[in-house]
Amino acid sequence: MPMDLDSLLREKKFTSEEIDCRRLEIRNTVLDKSRYVTEGNFERIHNRDLERLYELYDERFFDDRIRATLAARGEPISFRLSSRMTRMGGKTVRTTYRIPRGRKRETEFEIAISETLLFQTFEDIEREVVVNGVTCRDRLDAMQRILEHELIHLGELLIWNDSDCNAHRFSGIAARLFAHTHTKHQLVTQSERALKKFGITPGSNVRFRFDGIEYHGVVNRITKRATVLVEDRDGELYSDGKRYQKFYIPLGMLETT
Ligand SMILES: [Zn+2]
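Here the structure is a predicted model, which means the values were calculated and not measured.

**Q** Please provide a residue-by-residue account of the pattern of salt bridges, values included.
**A** In this structure the tally under the stated criterion is 21 salt bridges. We note a salt bridge from Arg-67 to Asp-64, for which the minimum N-O separation is 2.7 Å. The class for Arg-67 is partly exposed, based on a relative accessible area of 29%. Taking relative accessible area as the criterion, Asp-64 reaches 31% and is therefore assigned partly exposed. Note that Glu-110 is salt-bridged to Arg-80, the shortest N-O span being 3.1 Å. In this pair, Glu-110 sits in strand 3 (residues 105-114) while Arg-80 sits in strand 1 (residues 77-82), placing the two residues 30 residues apart along the sequence. On the basis of relative accessibility, which here comes to 31%, the residue Arg-80 falls in the partly exposed class. The network of salt bridges with shared partners includes Arg-23, Asp-141, Arg-145 and Glu-148.

**Q** Explain the sheet that holds strand 7 (residues 213-222) residue by residue, including any values.
**A** Pairing is antiparallel in the open sheet, where five strands are placed in the order 9-8-7-6-10. Every other strand in the sheet has two partners, leaving strand 9 (243-249) and strand 10 (255-256) as the edge strands with one partner each. In this structure, strand 6 (residues 205-210) lies alongside strand 7, joined through six bridges in antiparallel fashion. Along strand 7, the bridge assignment pairs Asn-205 with Val-218.

**Q** Explain the coordination of the zinc ion residue by residue, including any values.
**A** Six octahedral donors at a metal ideally form angles of 90 or 180 degrees, and four tetrahedral donors ideally form angles of 109.5 degrees. At 2.1 to 2.4 Å from the zinc ion lie its protein donor atoms, namely His-149 (NE2), His-153 (NE2) and Cys-165 (SG). In primary sequence terms, the donor set of the zinc ion follows H-x3-H-x11-C. In this pair, His-149 is assigned in helix 6 (residues 139-160) and Cys-165 in the loop between helix 6 and helix 7 (168-178), connecting sequence segments 16 residues apart.

**Q** Lay out the sheet that holds strand 1 in plain terms, naming residues and giving numbers.
**A** Strands pair in a sheet through their backbones, by hydrogen bonds, and they do so in one of two ways: parallel or antiparallel. With mixed pairing, three strands are arranged side by side in an open sheet as 1-3-2. In this open sheet, the two edge strands, each paired with only one partner strand, are strand 1 and strand 2 (90-98). Geometrically, the sheet is characterised by an average inter-axis angle of 25° between neighbouring strands, direction not taken into account. Inspection of the sheet shows strand 1 paired to strand 3 by six bridges, in the parallel sense. Within the sheet, the bridge partner assigned to Phe-79 lies in strand 3 and is Ile-111. The strands touched by helix 6 are strand 1, strand 2 and strand 3; relative to strand 3, the strand with the most contacts, the crossing angle is about 165°.

**Q** Describe helix 8 (residues 190-198), listing the residues and the values that go with them.
**A** Three or four residues apart is the spacing at which side chains of an α-helix point the same way, because the helix has 3.6 residues per turn. Within helix 8 the residues assigned to the buried category are Gln-190, Glu-192, Arg-193 and Ala-194. Those residues of helix 8 hidden inside the fold are in contact with helix 5 (115-120) and strand 7. One or two positions beyond helix 8, positive phi appears at Gly-199, with a value near 65°.

**Q** Tell me about the packing of aromatic side chains, and please be specific about residues and values.
**A** Tallying each qualifying case throughout the model produces twelve aromatic pairs. Ring geometry for Phe-61 against Phe-178: centres 4.8 Å apart, planes inclined by 50°, an arrangement best described as tilted. Taken as a pair, Phe-61 in helix 3 (residues 47-61) and Phe-178 in helix 7 lie far apart in primary sequence, 117 residues in all. Across the pair, Phe-178 and Phe-61 agree in class, each one buried. Taking 5.4 Å as the distance between ring centres and 90° as the angle between the ring planes, the aromatic pair formed by Tyr-238 and Tyr-244 counts as edge-to-face. Residue classification places Tyr-244 among the buried positions, given a relative accessible area of 11%. Through pairs of rings, three or more aromatic residues link up here, namely Phe-14, Tyr-57, Phe-61, Phe-62 and Phe-178.

**Q** How would you summarise helix 3 if you had to cite specific residues and measurements?
**A** Helix length check: helix 3, at 15 residues, gives a terminal C-alpha distance of 21 Å against a target of 21 Å (1.5 Å per residue), a fit within 8%. Residues of helix 3 that are buried include every one of Asp-49, Leu-50, Arg-52, Leu-53, Tyr-54, Leu-56, Tyr-57, Asp-58 and Phe-61, and no others. Following helix 3 by one or two positions, Asp-63 has its phi on the positive side, about 50°.

**Q** A description of the packing of helix 6 against helix 7 should follow, citing residues and the corresponding values.
**A** Close contact between helix 6 and helix 7 brings their axes to 10 Å; oriented N to C, the two are set at 125°. Accordingly, the angle class assigned to the pair helix 6 and helix 7 is oblique. When the axes of helix 6 and helix 7 are compared, the crossing they make is right-handed. On the side of helix 6, the interface is formed by Glu-148, His-149, Ile-152, His-153, Glu-156 and Trp-160, while helix 7 contributes Arg-169, Phe-170, Ile-173, Ala-174 and Phe-178. Class assignment of the residues belonging to the contact of helix 6 with helix 7 gives a composition of six nonpolar, two polar and three charged.

Reading the values: the criteria
Residues numbered from 1 in each chain as written. Predicted model: local features only at pLDDT ≥ 70, side-chain atom pairs only at ≥ 80, totals over all residues. Heavy atoms only, no water. Salt bridge = Lys/Arg side-chain N within 4 Å of Asp/Glu carboxyl O. Buried < 20%, exposed > 50% of the residue type's maximum accessible area, 1.4 Å probe, protein only. Helix = DSSP H or I, 4+ residues; strand = E, 2+ residues; numbered from the N terminus. Pairing = 2+ DSSP bridges. Donors = N, O, S within 2.8 Å, 3.2 Å for Na, K, Ca; no water. Axes fitted to C-alpha atoms, helices over the stretch in contact; angles between N-to-C directions. Contact = heavy atoms within 4.5 Å. Phe/Tyr/Trp six-rings, centres within 6.5 Å; stacked < 30°, edge-to-face > 60°. Expected span 1.5 Å × (residues − 1). Parallel < 35°, antiparallel > 145°, perpendicular 65-115°, else oblique. Left-handed = near helix turned anticlockwise from the far one by under 90°. Nonpolar A, V, L, I, M, F, W, Y, C, P; charged D, E, K, R; others polar.

Structure (structure tokens):
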């Protein structure tokens, strides 16, 4: 008789050998079945790969109880690789809405994982990459670690209606099921890459060309691209009393001055 999701989250504990073994089976299945994820440091990935990873985790770590619980409640879940998430590794969102003129509330879930962070990690910055306290050997490994964290959020939302990865309950589940010791990722962020590879950080003076014209400005913010402020009397007024025009420039196009 399999455990229900509630007892599984409260009680189930795997040894580190069991965890390693299950993770490896999942990894090998993905590498075997995916059209895109054919090596640990894959260059392309599809939302379907994320969904497959979820199914395998549900099977090997949650006795299929996540999908069973969602199916029993008629609550769908979808998966998305996000290019806009530049700081968070993953995100689990529950949306509840009322059907027009109906009394029923409908609930759906979405798990998003940052492909931006995944792709710029294990790329041109070489250092140890730790996610949730566990060292990752490559992109697929890091992606598994992020999804493990999000699946605990999902499980908590399903059973307790709330989820907080800084709370005791979460860290207990994360330790028992996945041997996570922290809840942070150390994937390579744009700011780190900007600094290490291009020597650029917020406040840097830079020069760049845009539509054939050379501009000089100051880096204000770094996300996927850098936000560069260029003094311009027709520009927007900023808190330092000056007016600036704002540009979004790929890091590789900036030169420090
Ligand atoms: Zn979290």
